[in-house]
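# Understanding the architecture of this molecule
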Amino acid sequence: MYETGKPSSRVPKITPRNNNGAIIIRFQYQGKQYILSPGGQYGDRLAMANADRIASQIKTDIIAGYFDSTLEKYQPKVKQPDNVVSISKDVAPNLQELWQQYKLAKQASVAKTTQKEKWSQIDRCLTKLSPEMLNPENARLLIPELLKTYSVTTLERIINDIHACSNWAFEIGLISINPWRRLKQQLPDKPQSGRTKKAYSRNEVNAIIQAFRGDWYCNIKSAFKDSWYADFVEFLFLTGCRPEEAIALTWDCVKDKVIVFDKAYSCGILKNTKNNKARMFPITPQIRELLDRRLTYVSTISSKLLFPAQNSSYINLRNFTQRYTKRIVENLVNEGKVKQYLPTYNLRNTSITHYLRQGVDIATVAALMETSEEMINQHYWSPDDDIIHNNVQLPEI
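Residues numbered from 1 in each chain as written. Predicted model: local features only at pLDDT ≥ 70, side-chain atom pairs only at ≥ 80, totals over all residues. Heavy atoms only, no water.

When you go through the protein residue by residue, the secondary structure sums to 15 helices and seven strands. For the protein, buried positions account for 42% of its 397 residues. A total accessible area of about 22,500 Å² is found for the protein, and carbon and sulfur atoms account for 50% of it. (Helix = DSSP H or I, 4+ residues; strand = E, 2+ residues; numbered from the N terminus. Buried < 20%, exposed > 50% of the residue type's maximum accessible area, 1.4 Å probe, protein only. Areas by Shrake-Rupley, 256 points an atom, 1.4 Å probe, with all protein chains shown as cover.)

With antiparallel pairing, the three strands of this open sheet are ordered in space as β1-β2-β3. Bordering the open sheet on either side are β1 (16-19) and β3 (32-36), each of which pairs with just one other strand. The sheet shows a mean angle of 35 degrees between the axes of neighbouring strands, direction not considered. As paired elements, β1 and strand β2 (residues 22-29) share four bridges and run antiparallel to each other. (Pairing = 2+ DSSP bridges. Axes fitted to C-alpha atoms, helices over the stretch in contact; angles between N-to-C directions.)

On to the packing of helix α7 (residues 202-213) against helix α11 (residues 317-334). Here α7 crosses α11 at 115 degrees, and the two axes come no closer than 10 Å. The two elements α7 and α11 meet at a crossing, and its hand is right-handed. Taken together, the residues of α11 that come into contact with α7 (itself represented by Ala 207, Ile 208, Ala 211 and Phe 212) are Phe 320, Tyr 324, Thr 325, Ile 328, Val 329 and Leu 332. (Left-handed = near helix turned anticlockwise from the far one by under 90°. Contact = heavy atoms within 4.5 Å.)

Residue placement: Tyr 200 occurs in the loop between α6 (183-186) and α7. Between the C-alpha atom of Tyr 200 and that of His 354, which follows or precedes it by 154 residues, the distance is 9.3 Å. In this structure Tyr 200 touches Val 205, Ile 208, Val 329, Val 338, Gln 340, Tyr 341, Leu 342, Leu 347, Thr 350 and His 354, once residues within four positions along its chain are discounted.

Counted at 1.5 Å a residue, the expected span for helix α3 (residues 112-127) with its 16 residues is 22 Å, and the 21 Å between its end C-alpha atoms agrees. In α3, a bend of some 30 degrees at Trp 119 exceeds every other bend along the element. Those residues of α3 that sit buried are Thr 113, Trp 119, Gln 121, Ile 122, Cys 125 and Leu 126. Where the residues of α3 are buried, they touch α2 (95-106), α4 (142-146), α5 (152-171), β5 (264-266) and β6 (269-271). (Expected span 1.5 Å × (residues − 1). Bend = angle between axes of the 7 residues up to and from the residue.)

Across the protein, the average pLDDT comes to 85, with 87% of residues at or above 70. Mean pLDDT across the secondary structure elements of the protein bottoms out at helix α15 (residues 385-389), with 57, and peaks at helix α8 (residues 230-239), with 97. Under a pLDDT of 50 for its full length, residues 78-89 has, in the predicted model, 20 contacts with residues more than four places off or in other chains. (pLDDT = per-residue confidence, 0-100.)

Note: α-helices contain 3.6 residues per turn, so residues at a spacing of three or four share the same orientation. The buried fraction of α8 amounts to ten of the ten residues, a majority that puts the element mostly inside the structure. Where α8 is concerned, the buried positions are Ala 230, Asp 231, Phe 232, Val 233, Glu 234, Phe 235, Leu 236, Phe 237, Leu 238 and Thr 239.

A few words on the side chain of Thr 250. Tracing the backbone through its elements, the reader meets Thr 250 in the loop between α9 (243-248) and β4 (258-261). Ignoring sequence-local partners within four residues, the contact set of Thr 250 consists of Lys 263, Lys 304, Leu 305 and Leu 306.

Residue alternation in strand β7 (residues 279-282) divides its side chains into a buried set, Arg 279 and Phe 281, and an unburied set, Met 280 and Pro 282. Relative to β7, β4 runs antiparallel, the two being bridged by four bridges. Within β7, the residue paired with Phe 261 across the bridge is Arg 279.

Let's shift gears to the nonpolar core. The biggest cluster of nonpolar side chains holds 51 residues, and the ones touching the most others in it are Phe 212 and Phe 235. Per element, the largest residue contribution to this core is seven residues, and it comes from α8. Ignoring sequence-local partners within four residues, the contact set of Phe 235 consists of Gly 240, Cys 241, Ala 246, Leu 249, Ile 259, Phe 261, Ile 287, Leu 290 and Phe 307. The next biggest cluster of nonpolar side chains, apart from the first, holds 27 residues, and it includes Leu 126, Ile 159, Cys 165 and Trp 168. (Core = buried A, V, L, I, M, F, W, Y, C linked by side-chain atoms within 4.5 Å.)

Another aspect to go through is the packing of aromatic side chains. Using the criterion set out here, one finds 19 aromatic pairs in the structure. For the ring pair Trp 99 and Trp 119, a centre distance of 5.9 Å and an interplane angle of 75 degrees mean the geometry is edge-to-face. Here the residue Trp 99 occupies a position in helix α2, and Trp 119 occupies one in helix α3, the gap between them amounting to 20 residues. For Trp 119, a relative accessible area of 5% translates into the label buried. Among the aromatic residues, those joined into a ring-pair cluster are Phe 212, Tyr 229, Phe 232, Phe 235, Phe 261, Phe 307, Phe 320 and Tyr 324. Sitting over the face of the ring of Tyr 341, Lys 326 holds its NZ or CZ atom 4.6 Å from the ring centroid. Its end group placed over the ring of Tyr 380, Arg 348 keeps NZ or CZ at 4.9 Å from the ring centre. (Phe/Tyr/Trp six-rings, centres within 6.5 Å; stacked < 30°, edge-to-face > 60°. Lys NZ or Arg CZ within 6 Å of the ring centre and 35° of its normal.)

Quick look at the structure:
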């Protein structure tokens, strides 16, 4: 409701604040605390300008005696999509309703890849639950119900978003209590990570590249040849780049002496690299030979991508791993040419491990790969199985 009558002589300090990266306006007036989320990220110029405008409007209304204590007047005016459920103030909203409101409030400040991959997973999760299970009074039953469908690892990611949503709803006053705040504590212990540091040996890498290049396991009648992707696989090994960075490479990223990694393609979206930093990788003689070979494809490829899919679009890494890497490597395993199947991403482990074994120091490798020495030791540097299991003699020290 609006306050009318005598203007206020005491105006509280009202300024946008940083709330874990998001903008929030929090102030006290006449003994009551008010919280408003104008949307956007703290530090974003447009979002901050909008927040300053709202704060100024509130001050002006307080001085003039027209302050709206419901804060509805100051909420961002965004048209709700058809699938957003309006929340009645007379009934406690359920989790589905809060989630829709949360997405609407955060869509301008959250990366599109997160919206496409993570948010869509939450959407699917909530639609699997009965309406009763989404009600606040059944919050304690949510984890046992979801464990029937999801692993602990997957559920932990889902609960992180639900937790953020319910905290946001409580902060801005959509709910007076937060029954979902303790969901994380109900999760069972997470099993050990399935991520492996294992890497292919040099002979295994050569066998994999030859199998791609020679179409060893490709159906002779197939129009989609494995050999199309041989250079892509070899490039991943030679550079140790993240696959999504190689997929996004265009010819203008190839300079005289270096390759510039400044973008990535993931979940159908072209975006910045993982750490939002462009980095340069030196062009070795092996990489130069590969690039010269790629030049022969330029006249037949309409896109500027260095490694396009066979339809000239971006490679879909998930499909590529399932349809090509997995099939080819498992055939090599059956023939005894490779010890075990490792996903496409493990070519990064392989490259890092080989450079380290060739004597390149770990600090240099970390800089070249845009990672840290700690991450290399934790996730990428593979132990030498030949020394550990195959009785290969240790070098003299």
